[in-house]
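# Architecture at a glance
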Amino acid sequence: MTTYELCKQLIMRGKLTAQMLDVYFAAGRLKPEQYAELMGQLQPDAADK
C-alpha cells in the first residue's frame, strides 16, 4: 500500500488531519497533485487543525 492509498483510507475513516498530511508531503512521500487532492478530501474541521 502506498502512502497516498493509506492517506485516502485514513481520511475516509476520519483519522487524518491536515497537519499529518503536511508531514507526509514535507517528507516527500506525496506528490504535489496527491497532496492537493487529499487536502480537498479532508473534512473542513480537519483541514483547520
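## What about the pattern of salt bridges?
- For the coordinates displayed, the defined rule picks out one salt bridge.
- Where Glu37 meets Lys8, a salt bridge forms, and the shortest distance between an N and an O atom there is 4.0 Å. Placement of Glu37 in helix 3 (residues 32-41) and of Lys8 in helix 1 (residues 3-12) is noted, with a sequence separation of 29 residues between them.
- Under the relative-accessibility criterion, Lys8 is labelled partly exposed at 29%.

## A few points about the environment of Leu38
- Mapped onto the elements, Leu38 comes out in helix 3.
- Relative accessible area serves as the criterion here: at 0%, Leu38 is assigned to the buried category.
- Each C-alpha atom, one on Leu38 and one on Leu16, is 10.0 Å from the other, the two residues being 22 residues apart in sequence.
- For Leu38, the contacting residues outside a window of four places in its chain are Tyr4, Cys7, Lys8, Ile11, Leu21 and Leu30.

Thresholds applied
Residues numbered from 1 in each chain as written. Predicted model: local features only at pLDDT ≥ 70, side-chain atom pairs only at ≥ 80, totals over all residues. Heavy atoms only, no water. Salt bridge = Lys/Arg side-chain N within 4 Å of Asp/Glu carboxyl O. Helix = DSSP H or I, 4+ residues; strand = E, 2+ residues; numbered from the N terminus. Buried < 20%, exposed > 50% of the residue type's maximum accessible area, 1.4 Å probe, protein only. Contact = heavy atoms within 4.5 Å.

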